[in-house]
Number of protein chains: 2
Amino acid sequence: MPVEIKSVGIKDVAKVANVSPATVSRVLSGRPVDPAMQERVQAAVISTGYRPNLAARRLRSQHTNTIGLILADIRNPFFTAVSRAIESLATARGLRVILCNTDEDPAKEAMYLELMQQERVTGIILAPSRQRVTRAGDLAMDCPVVLIDRAIPGAREDCVLLDNEAMAGLLLEHLHDQGHRRIAGLFGASSSTGIERRNGFERAAARLGITVDALAIPHAPGEAEKAVAALLSGPDRPDALMASNGLMLVSVLRALRSLSLEVPRDIALAGFDNSDWMELIGNGLTVIEQPVEEIGRTAMTMLLDRLEHPDAAMRKTVLSGKLIARGSSARNPATGS
Amino acid sequence: MPVEIKSVGIKDVAKVANVSPATVSRVLSGRPVDPAMQERVQAAVISTGYRPNLAARRLRSQHTNTIGLILADIRNPFFTAVSRAIESLATARGLRVILCNTDEDPAKEAMYLELMQQERVTGIILAPSRQRVTRAGDLAMDCPVVLIDRAIPGAREDCVLLDNEAMAGLLLEHLHDQGHRRIAGLFGASSSTGIERRNGFERAAARLGITVDALAIPHAPGEAEKAVAALLSGPDRPDALMASNGLMLVSVLRALRSLSLEVPRDIALAGFDNSDWMELIGNGLTVIEQPVEEIGRTAMTMLLDRLEHPDAAMRKTVLSGKLIARGSSARNPATGS
DNA sequence: TTGGTCATAGAAAACGTTTTCTCACCACTT
DNA sequence: AAGTGGTGAGAAAACGTTTTCTATGACCAA
């Protein structure tokens, strides 16, 4: 004899409480119902161990109360930090979050976008993969989409981005203030952030009247190391380097280390994305810290706004980061010049 | 006049292809059907832009082809690495993954476990929150559960764990081999991994015939720093430290830095969980690297096995990590003694 | 030819909810 | 006192699929 042959449904609860299934549904969704019945239903829910079937609920009610969060790289602490902010806001509003990781693979990205549509999600927050940057931004989703971190050229979706140009400029100015004049920057070649940061870097250099090296580095292992080695063996060795993201920063450090150069004693180094270990390197690394919590909050807010006003104009929010100044070298060139 | 008043369903496809909905369903799920019809259906699917409704599919077919992956801390690179492995295996088998982050909060964990049941997931892989360790392991889920990383005492679920005792012993032996004799270990007080690693540490010390300090550190900001400060201001200063996880390792480094001590010049340091920045600190940090890919693969395999054999005996898989030996100090005590 | 088995595809039921529809009841208004 | 409006709960439809059931026709053996 089977112990529990069939899972308990709303009808079973109704039977136990001596009411109609409709009434159980009403109690469960908090709509007005006779207090006596409400009590009976609640007791029945507990005694039967009823658990709503979300698939059935979604099918009938035609809203999933779910948003899709598609991230380009779940190993990147920036993305996980943003996801935490988004997730906590979403649950506070009674929305579930489906988290997907594309690993910077456009095929996986397309697969997940399709999947989200099949799930009939309410909305999507997408951190596009790098390669997306090349294709025109025709997402053509049935639900609102908010882009974060990376822009898709020509996209008609709302987005929230870091002010990459300004921040790269800020970083260069910081290095300049510290007395550095021969500055080289390494930027991701294929991401919109890399390109924007590079633009900001070069414009700031023009403003400051200094000449700089701005290198576009392919996203492949060893490329940054090669570039650093080439830079430092060249005729006029830079006295400061700048990296356009956290991964590249580590690569640059590794390269410097293999050349037996120490930061900031022998060369200055700055970059993007703060990590807890950065203060442990030499005198620390100067970086731009992104306002992760605010990015997540803004993206969520924009998505909710868009759901309320589907036909409002496209919005683009640009946020500033925070310069974490560290790594003033012992023999600071600014005082030495 | 509305452009697209209603989303296209399987009936619309059927109408276009001049077949019954059942036949469309059969084509979609790859069951045998007349080639001519199959072609018509496939054409109709494309021309109508049909997208299956997963909620309806799940409701009717009664299987979700979805597994829940509940992680204690999405910011921990160990967990994200494991999740990548799990995710890729799952999609290869046509399973979707719902990723949830409890932030070490037992209430959130309970909430997500309940949610997974409401989603009627096929199975769950759970990295329990730290506090779980205290409560008895009565998950009482309706679906199979595989535990990873942390054990729940008395749990009846399958699990895959690191051989924490052995690895902690290995690490201590390494420090001992390097000539260190006054060794202190800092271990998370409330996680099963912390406790097991501490046990392994103390047993190995007994084996080696040395006395060690094994400290249980509460999981709160500043605690590890306090403990390090106390240790190093005490009468017989340790010449080597060991930390039971990555977070604590950073805290210890920070504390040492504020005491102007350098690793490994002034003191040796070892711990768990490898990170790419570790080789950049001093001469590098010796750590135990966990076999993340294998952990994920094993968990997934165990889950699938359990689905096939629900009544098989409970299994516990214990995996070994890899010692990444780094950080031999310039004035190595082993050669200096 | 006839009867039986098998394969194939359409018809209809079913999945577990929410929502709409309907009806009974009660309180007001006129 | 009779109509009217509002309220609250049960009945039944609906959500978009898959699956079961049924009917038709083909094929084969007797």
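Residues numbered from 1 in each chain as written. Chains lettered and ligands numbered in written order. Predicted model: local features only at pLDDT ≥ 70, side-chain atom pairs only at ≥ 80, totals over all residues. Heavy atoms only, no water.

Asker: With reference to specific residues and values, describe the sheet that holds strand β3 (residues 123-126) of chain B.
Answerer: All names here are of chain B. If you trace the 6 strands from one edge of the open sheet to the other, you get β2-β1-β3-β4-β5-β11, paired in parallel fashion. Both edges of this open sheet fall to β2 (96-101) and β11 (316-319), since each of them pairs with a single strand only. Pairs of neighbouring strands in the sheet enclose a mean axial angle of 15°, with direction left out of account. Pairing of strand β4 (residues 145-148) with strand β5 (residues 158-162), which is carried by 3 bridges, proceeds in the parallel orientation. (Pairing = 2+ DSSP bridges. Helix = DSSP H or I, 4+ residues; strand = E, 2+ residues; numbered from the N terminus. Axes fitted to C-alpha atoms, helices over the stretch in contact; angles between N-to-C directions.)

Asker: Can you lay out the relation of the copies chain A and chain B for me, pointing to particular residues and giving the numbers?
Answerer: Copies of the same chain, two in number, are related to each other by a rotation about an axis and a translation along it. Superposing chain A onto chain B takes a rotation of 180° plus a shift of 0.0 Å along the axis, which leaves an RMSD of 0.1 Å. Here the transformation between the copies is reduced to the relation of a two-fold axis. Scanning chain A for the C-alpha nearest the rotation axis identifies A:A55, at a separation of 2.4 Å. (Least-squares fit on C-alpha atoms with pLDDT ≥ 70 in both.)

Asker: Please provide a residue-by-residue account of the domain arrangement of chain A, values included.
Answerer: According to the domain assignment, chain A contains domain 1 (10-59), domain 2 (66-163 + 292-320) and domain 3 (164-290). Each of domain 1 of chain A and domain 3 of chain A has a C-alpha centre, and the two are 61 Å apart. (Domains from an automatic or database assignment.)

Asker: Would you mind going over the sheet that holds strand β7 (residues 212-217) of chain A in detail, with residue names and values included?
Answerer: Residue and element names in this part refer to chain A. The strand order across the open sheet built from 6 strands is β7-β6-β8-β9-β10-β12, with neighbouring strands paired in mixed fashion. Both outer strands of the open sheet, β7 and β12 (322-324), are each paired with one neighbouring strand and no more. Strand-to-strand, the axes of this sheet are offset by a mean angle of 15°, without reference to chain direction. Looking at chain direction, strand β10 (residues 286-289) and β12 are connected through 3 bridges and run antiparallel. When the sheet's bridge partners are listed, I288 is paired in β12 with L323. Along the sheet, helix α7 (residues 164-177) makes contact with β6 (183-188), β7, β8 (240-243), β9 (268-272), β10 and β12, crossing β9 at roughly 165°. Running at roughly 155° to β7, helix α9 (residues 223-233) makes contact with β6, β7 and β8 of the sheet. (Contact = heavy atoms within 4.5 Å.)

Asker: Residue-level account of the protein's contact with DNA strand C, with values.
Answerer: By nearness alone, 27 residues border DNA strand C, and A:I10, A:S25, B:T23, B:R26 and B:D34 come closest of all. Counting only atoms of DNA strand C within 4 Å of the protein, the sugar-phosphate share comes to 62%. Between DNA strand C and A:R57, the relevant distance is 3.0 Å, taken from a phosphate oxygen to a side-chain nitrogen or oxygen of the residue. At 2.3 Å, a side-chain N or O of B:T23 approaches a phosphate oxygen of DNA strand C. Of all the secondary structure elements, the ones that give two or more residues to the surface near DNA strand C are α1 (10-17), α2 (21-28) and α4 (54-61) of chain A together with α2 (21-28) and α4 (54-61) of chain B. (Near = heavy atom within 4 Å. Polar contact = N/O pair within 3.5 Å; in protein donor to acceptor, adjacent residues only side chain to side chain.)

Asker: Tell me about the protein's contact with DNA strand D, and name the residues and values.
Answerer: Around DNA strand D, the structure places 27 residues, and the nearest of them are A:T23, A:D34, A:R60, B:I10 and B:S25. Sugar plus phosphate, as a fraction of atoms of DNA strand D within 4 Å of the protein: 61%. In this structure, A:R60 approaches DNA strand D through a side-chain N or O atom, which is 2.7 Å from a base nitrogen. Interatomic distance of 3.0 Å between a side-chain N/O atom of B:R60 and a base oxygen of DNA strand D. Elements supplying a minimum of two residues to the surface near DNA strand D: α2 and α4 of chain A together with α1 (10-17), α2 and α4 of chain B. Sort the elements by how many residues they give to the surface near DNA strand D and α4(B) lands first, with 4 residues.

Asker: Explain helix α9 (residues 223-233) of chain B to me, using residue names and the numbers behind them.
Answerer: Residues and elements named next belong to chain B. By the burial criterion, the buried members of α9 are A224, E225, A227, V228, L231 and L232. Taken end-on, α9 shows its buried residues confined to a sector of 160°, consistent with a single buried face. Residues K226 and S233 are exposed on α9 and point more than 90 degrees away from its buried face. As for α9, its buried residues are in contact with β6 (183-188), β7 (212-217), β8 (240-243) and α10 (246-258). (Buried < 20%, exposed > 50% of the residue type's maximum accessible area, 1.4 Å probe, protein only. Arc of directions from axis to C-beta.)

Asker: I'd like a rundown of the pairing of strand β10 (residues 286-289) of chain B, residues and numbers included.
Answerer: Moving residue by residue along a regular strand, the side chains alternate between the two faces of the sheet. Note: strand β9 (residues 268-272) of chain B against β10(B), 3 bridges, orientation parallel. Bridging from a neighbouring strand, B:F272 pairs with B:I288 of β10(B).

Asker: Report on the interface of chain A and chain B, specifying residues and quantitative values.
Answerer: In this complex, chain A contributes 42 residues to the contact, which on the side of chain B involves 42 residues. For the pair chain A and chain B, the summed buried surface comes to about 4200 Å²; carbon and sulfur atoms form 52% of the total. Taken together, the links from chain A to chain B amount to 12 salt bridges. Between B:R84 and A:D103 there is a salt bridge, with the nearest N and O atoms lying 2.5 Å from each other. (Buried area = accessible area lost by both parts, 1.4 Å probe. Salt bridge = Lys/Arg side-chain N within 4 Å of Asp/Glu carboxyl O.)

Asker: Can you break down the packing of aromatic side chains residue by residue, with the values?
Answerer: Residues and elements named next belong to chain A. The full count for this structure, using the stated rule, is 5 aromatic pairs over all chains. Between F78 and F79, the aromatic rings sit 5.2 Å apart at their centres with planes inclined by 55°, giving tilted as the arrangement. A relative accessible area of 1% places F79 in the buried class. Positioned over the ring face of F272 is R197, at 3.9 Å from the centre of the ring. (Phe/Tyr/Trp six-rings, centres within 6.5 Å; stacked < 30°, edge-to-face > 60°. Lys NZ or Arg CZ within 6 Å of the ring centre and 35° of its normal.)

Asker: Can you tell me about empty space enclosed by the protein, naming the residues and giving the values?
Answerer: Empty space among the atoms becomes visible once a probe the size of a water molecule is rolled across them. Per the counting criterion, the structure on display carries 4 cavities of 30 Å³ or more. Of the volumes computed, that of the largest cavity is approximately 100 Å³. Every residue lining the largest cavity is listed: A:L69, A:S83, A:R84, A:E87, A:V97, A:I98, A:L99, B:I74, B:L99, B:C100, B:N101 and B:Y112. Every element with two or more residues in the lining of the largest cavity is listed here: α5 (77-92) and β2 (96-101) of chain A together with β2 of chain B. Of the residues assigned to the lining of the largest cavity, the class counts are 8 nonpolar, 2 polar and 2 charged. (1 Å grid on protein atoms, 1.4 Å probe; cavity = no way out; pocket = protein on both sides within 12 Å on 5 of 7 lines; lining within 4 Å. Points joined across faces, edges and corners; volume = space filled by probe spheres on them. Nonpolar A, V, L, I, M, F, W, Y, C, P; charged D, E, K, R; others polar.)

Asker: Quick one: what's the story with the pattern of salt bridges, residue by residue and with numbers?
Answerer: If you walk through the whole model with that rule in mind, you get 38 salt bridges over all chains. Salt-bridge contacts for A:E225 lead to A:R254; the nearest nitrogen and oxygen are separated by 3.0 Å. Taken together, the residues span a long stretch of sequence, with A:E225 in helix α9 and A:R254 in helix α10 (residues 246-258) at a distance of 29 residues. Classification of A:R254 as partly exposed rests on a relative accessible area of 27%. For B:E293, the salt bridge goes to B:R297, with nearest N and O atoms at 2.9 Å. Of the two residues, B:E293 and B:R297 both sit in helix α11 (residues 292-308), 4 residues apart, roughly one turn of that helix. With relative accessibility at 40%, the residue B:E293 sits in the partly exposed group.

Asker: Run through the pairing of β7(B), naming residues and quoting values.
Answerer: Residue and element names in this part refer to chain B. The pairing of β6 with β7 spans 6 bridges and is parallel. Across the sheet, residue I183 finds its bridge partner in β7, namely V212. Between the parallel pair β6 and β7, the chain is carried across by helix α8 (residues 192-208), and the sense of this crossover is right-handed. (Right-handed = clockwise from strand over helix to strand, strands pointing away.)

Asker: Provide a residue-level description of the packing of α1(A) against α2(A), including the pertinent values.
Answerer: Residue and element names in this part refer to chain A. Here α1 crosses α2 at 100°, and the two axes come no closer than 8 Å. Considering the angle they form, α1 stands roughly perpendicular to α2. On α2, the residues touching I10, K11, V13 and A14 of α1 are P21, V24 and S25. Across the contact of α1 with α2, the residue classes tally to 5 nonpolar, 1 polar and 1 charged. (Parallel < 35°, antiparallel > 145°, perpendicular 65-115°, else oblique.)

Asker: Please provide a residue-by-residue account of the UniProt feature "domain: HTH lacI-type" (unreviewed entry) in chain A, values included.
Answerer: The positions that UniProt labels "domain: HTH lacI-type" (unreviewed entry) are, in the present scheme, residues 8-61 of chain A. Secondary structure content for residues 8-61 of chain A is 70% helix and 0% strand, while the C-alpha to C-alpha distance between its ends is 20 Å. (UniProt positions renumbered as here; feature names shortened; annotations may be inferred.)

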